Amino acid sequence: SIGRPIAGTRVYVLDGALQPVPEGVPGELYIGGEGVTRGYLGRAELTAEKFLPEAYGPEGSRMYRTGDRVRWKGEGRLEYVNRADTQVKVRGYRIELGEIEAVLRQQEEVRDAAVVVRGEGAEARLVGYVVAKAGEVVEGGALRERLREKLPEYMVPPVVKVLEAMPLTPNGKVDRKALPEVEAGAVASREYEAPRNKVEGALASIWAEVLRVPRVGVKDSFFELGGHSLMAMRVVSRVREELGVELPLRALFEATTVEALAARLGSGGKESAPALTRVSRELPLALSFAQQRLWFLDRLEPGSPVYNVAVAVRLEGVLDVGVLKRALREVMRRHESLRTTFAEGPSGPVQSIHSRVELLLEQRDVTAEPSEAREANASRLLEREAQRPFDLIRGPLIRAMLVKSGETDHLMMVVMHHIVADGWSLDALVGEMAVLYGAFVQGRPSPLPELPIQYADYAVWQRDWLQGGMQVRQLGYWREQLRGAPPALELMTDMPRPAVRGLQGARQAIHWPKPLAEALKSLGQLEGASLFMVLLAGWQTVLARYSGQDDVSVGSPMAGRTRSELEGLIGVFVNTLVLR
């Protein structure tokens, strides 16, 4: 049992004898949960966001839940830290393992149960362990089906292992560390059925590799084997590579077994895309559609910094500037897009790929300035650098600045024009530079493999694929989707809409409490929607209410990297689509 705050100010914590809280006690207090050896009695102001409403106390008072871990602040305030019990987070969902174990123990054939998390990050999955009652037999597939009746899908362990007895600690509790490892393949609820044709064999092989299981039968379910949406995206990419089929992600959610997905692939409706291969650099290289759009905007307003893309990183520790330059030059050598300029050809703009481009790394030193002013001055230098325009014809379209603010403290910013890079590219650039610097500073060669294709190859592939019927069908689709859509959103703004669009704007950050974020995720799970879809629906509803319109269109950028060969490339793939 635990105590509750009385009148919103006094906190009782029961776990043994009550003791007064010494004034200004630092550190953490555990409210219930294992490991608590004594309790405290004291006064504190509670932060309302993280605590439950007190059911029987005055209005506004709060109470703890068993297992809450809090920190006693110096000003006499209790701050929520996290949970000290078996609550875990798997693929974005907060899960109370005890809830799953309780439902497992309710099953008539189960005597005892335990649930743990195996793996980390995107590979994390729940694993259940059960002990059968005397004379009873536990069948994994049927057990999970009954769990689905009482628990959401993300709380149903895809793997359940039957044990003769639970391993126990000396004090009689389940020793979770001693629970045996299990392979995801142990989840198979049906007898293994081998693939019967080439397509089923290819799909089974892809699933086994992505799910990291020894084998997959044609009746096995992707999600029962531990799959989730991130793994599903990898499956889609592999299907495209090995079978030459453009498979929508939705298909894997609708056809969850190898047998069903193979039948769907064989029933038509698939769209095969041509292979992405290297092309000759001897002929004029046309721009991709995204590049053509940015070229047009630059010609419309030459010298504008609006489409500059910048990334800044803090470098802590002893820095070898020479090695840093070498790492950046190697990134430029690897990616042709960073050595590309643009010219007006007889039939329109073309890409000009240069064999070598001089790196522009401007160095500044603010260490002579007062320490309290260094950060602000360094930020101003970087801001000015980010606003300097590029010349798409003369280039180069990448530059960098390094600001030294201490002997072991530097700020580095890389600026590129959007025509050669997008937001995804920034992660690729920083990631490659980190790997290359780490290797070069130790005297090792580059560990990065050569890129099989370059951005120019993608631009040619994109135009070839969309020539003729495909382009007509896609344009027809969007014309139909946007037929009759209002040309503008008539919001009740303080000032009239200007005749010419300006560039003034702002960004507003909104921080939501975790309970609200978790509730939105749960809503999406119930409706079979992603968190993005839930937020989009809410945003469009807000716009509809403020504008009085029931037809609202919102633009959203899409990464555009639908093929695995494009994931590591620096270039502009992003495209803004209209969601009506």
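Asks: Looking at this structure, I do not really get the overall build of the protein chain. What am I missing?
Replies: Helix and strand content of the protein chain: 14 helices and 22 strands. Here the protein chain holds 580 residues, and 40% of them are scored as buried. Partitioning the intrachain contacts of the protein chain with sequence separation of at least 6 by distance along the chain shows that 65% fall at a separation of at least 24. Of the roughly 32,400 Å² of accessible surface on the protein chain, 53% is carried by carbon and sulfur atoms.

Asks: How do you make sense of the nonpolar core when you look at a structure like this?
Replies: The tendency in soluble globular proteins is for nonpolar side chains to be buried as a group. Leu338, Val414, Met416, Ile419 and Leu429 are the most contacted members of the largest nonpolar core, which has 61 residues in total. Elements with a contribution of two residues or more to this core: α7 (289-300), β15 (308-316), α8 (321-334), α9 (371-387), β19 (398-406), β20 (409-417), α10 (423-440) and α11 (455-465). No other element matches the eight residues that α10 contributes to this core. Setting aside anything within four residues of it in sequence, one finds Leu429 in contact with Val331, Leu338, Ile398, Val414, Met416 and Ile570. Residues Ile206, Val235, Leu247 and Leu252 belong to the second largest nonpolar core, which totals 26 residues.

Asks: Can you help me understand the packing of aromatic side chains in this one?
Replies: Two aromatic rings, taken as a pair, are described by how far apart their centres are and by the angle between their planes. By the definition in use, this model includes seven aromatic pairs. Both rings, one in Tyr477 and one in Trp478, keep their centres 5.2 Å apart while their planes meet at 85°; by these two values the pair is edge-to-face. Through successive ring pairs, a cluster of aromatic residues spans Tyr455, Tyr458, Trp461, Trp465 and Phe573. One Lys or Arg, Arg463, reaches over the ring of Phe289 and ends 4.3 Å from the middle of that ring.

Asks: Help me out: how do you make sense of a nonpolar patch on the surface in this one?
Replies: A contiguous nonpolar surface patch, about 470 Å² in accessible area, is contributed by Ile510, Trp512, Leu516, Leu531 and Leu535. By the secondary structure assignment, Ile510 is in the loop between α12 (469-481) and α13 (514-527). Given a relative accessible area of 62%, Ile510 falls into the exposed group.

Asks: So what exactly am I meant to see when it comes to the packing of α13 against helix α14 (residues 531-547) here?
Replies: Viewed as axis vectors pointing N to C, α13 and α14 meet at an angle of 105°, and their least axial separation amounts to 8 Å. Taken together, α13 and α14 sit at an angle that is classed as roughly perpendicular. Packed against α13, whose contacting residues are Leu520, Lys521, Leu523 and Gly524, the element α14 presents Leu531, Val534 and Leu535 at the interface. Partitioning the contact of α13 with α14 into residue classes produces five nonpolar, one polar and one charged.

Asks: Sorry, what's going on with the environment of Gly217 here?
Replies: Among the structural elements, Gly217 can be located in the loop between α3 (198-211) and α4 (229-243). Through-space distance from the C-alpha of Gly217 to that of Val258 is 7.3 Å; in sequence the pair is 41 residues apart. Once residues within four sequence positions are removed from consideration, Gly217 is found in contact with Tyr192, Glu193 and Val258.

Asks: When you look at the sheet that holds β20 in this model, what are you seeing that I'm missing?
Replies: Either a parallel or an antiparallel arrangement is found when strands of a sheet pair, and the pairing is made through backbone hydrogen bonds. Pairing in this open sheet of four strands is mixed, and the strands run β15-β20-β19-β18 from one edge to the other. A single partner strand is all that each edge strand has here, and the edge strands are β15 and β18 (361-365). Each neighbouring strand pair of the sheet contributes to a mean axis angle of 15°, computed without reference to strand direction. Here five bridges tie β18 to β19, and the two strands are oriented parallel to one another. Note that in β19 the partner of Leu361 across the bridge is Ala400. Docked against the sheet, α8 engages β15, β18, β19 and β20, running at close to 160° with respect to β19.

Asks: It is not clear to me how the pattern of salt bridges should be interpreted in this structure. Could you clarify?
Replies: For side chains bearing opposite charge, pairing can occur when the charged atoms are close. Scanning the entire structure with this criterion turns up 27 salt bridges. The residue Arg278 makes a salt bridge to Asp457 at a minimum N-O spacing of 3.9 Å. In this pair, Arg278 sits in the loop between α6 (258-266) and β14 (285-286) while Asp457 sits in helix α11, placing the two residues 179 residues apart along the sequence. By relative accessible area, Arg278 is classed as partly exposed at 45%. In this structure, Glu450 engages Arg333 in a salt bridge whose closest nitrogen and oxygen atoms are separated by 2.8 Å. Of this pair, Glu450 sits in the loop between α10 and α11 while Arg333 sits in helix α8, placing them 117 residues apart in sequence. Given the relative accessible area of 54%, Glu450 is considered exposed. The network of salt bridges with shared partners includes Glu101, Arg105, Asp112 and Arg176.

Asks: So what exactly am I meant to see when it comes to the environment of Arg356 here?
Replies: Residue position: Arg356 is located in the loop between β17 (348-353) and β18. Classification of Arg356 by relative accessible area gives exposed; the value is 62%. Along the backbone, Arg356 and Met332 are 24 residues apart, and their C-alpha atoms lie at a distance of 8.6 Å. At 3.3 Å, the side chain of Arg356 and the side chain of Glu358 are in polar contact.

Asks: Looking at this structure, I do not really get the side chain of Glu109. What am I missing?
Replies: Here Glu109 shows up in the loop between α1 (97-105) and β11 (110-118). At 2.4 Å, the side chain of Glu109 forms a polar contact with the side chain of Arg146. Each residue touching Glu109, except ones within four places of it in the same chain, is listed here: Val131, Ala132, Lys133, Glu136, Val137, Val138, Leu143 and Arg146.

Asks: What am I meant to see in α8 here?
Replies: An α-helical turn contains 3.6 residues, so a residue and the one three or four places further along point in the same direction. When the terminal C-alpha atoms of α8 are compared, their 20 Å separation across 14 residues agrees well with the 20 Å that a helix rising 1.5 Å per residue should span. The elements touched by buried residues of α8 are β15, β19, β20 and α10. A distance of 3.1 Å separates the backbone nitrogen of Gly322 from a side-chain oxygen at the start of α8, and that oxygen is part of Asp320.

Asks: Explain the packing of α8 against α10 to me, please; I cannot follow it from the model alone.
Replies: Geometrically, a packed helix pair is captured by the angle between its two axes and the distance between the axes. Relative to each other, α8 and α10 sit at 130°, their axes nearing to 9 Å. With respect to α10, the element α8 is oriented oblique. Once α8 is placed against α10, the crossing between them reads as right-handed. For the pair formed by α8 and α10, the contact residues are Val323, Leu324, Arg326, Ala327, Leu328, Glu330, Val331 and Arg334 on the first element and Leu429, Glu432, Met433, Leu436, Tyr437 and Phe440 on the second. Of the residues assigned to the contact of α8 with α10, the class counts are 10 nonpolar, no polar and four charged.

Rules of the game
Residues numbered from 1 in each chain as written. Predicted model: local features only at pLDDT ≥ 70, side-chain atom pairs only at ≥ 80, totals over all residues. Heavy atoms only, no water. Helix = DSSP H or I, 4+ residues; strand = E, 2+ residues; numbered from the N terminus. Buried < 20%, exposed > 50% of the residue type's maximum accessible area, 1.4 Å probe, protein only. Contact = heavy atoms within 4.5 Å. Areas by Shrake-Rupley, 256 points an atom, 1.4 Å probe, with all protein chains shown as cover. Core = buried A, V, L, I, M, F, W, Y, C linked by side-chain atoms within 4.5 Å. Phe/Tyr/Trp six-rings, centres within 6.5 Å; stacked < 30°, edge-to-face > 60°. Lys NZ or Arg CZ within 6 Å of the ring centre and 35° of its normal. Patch = residues over 30% accessible without salt bridge, like charges linked within 9 Å, V, L, I, M, F, W, Y side chains within 5 Å. Salt bridge = Lys/Arg side-chain N within 4 Å of Asp/Glu carboxyl O. Axes fitted to C-alpha atoms, helices over the stretch in contact; angles between N-to-C directions. Parallel < 35°, antiparallel > 145°, perpendicular 65-115°, else oblique. Nonpolar A, V, L, I, M, F, W, Y, C, P; charged D, E, K, R; others polar. Pairing = 2+ DSSP bridges. Polar contact = N/O pair within 3.5 Å; in protein donor to acceptor, adjacent residues only side chain to side chain. Expected span 1.5 Å × (residues − 1). Left-handed = near helix turned anticlockwise from the far one by under 90°.

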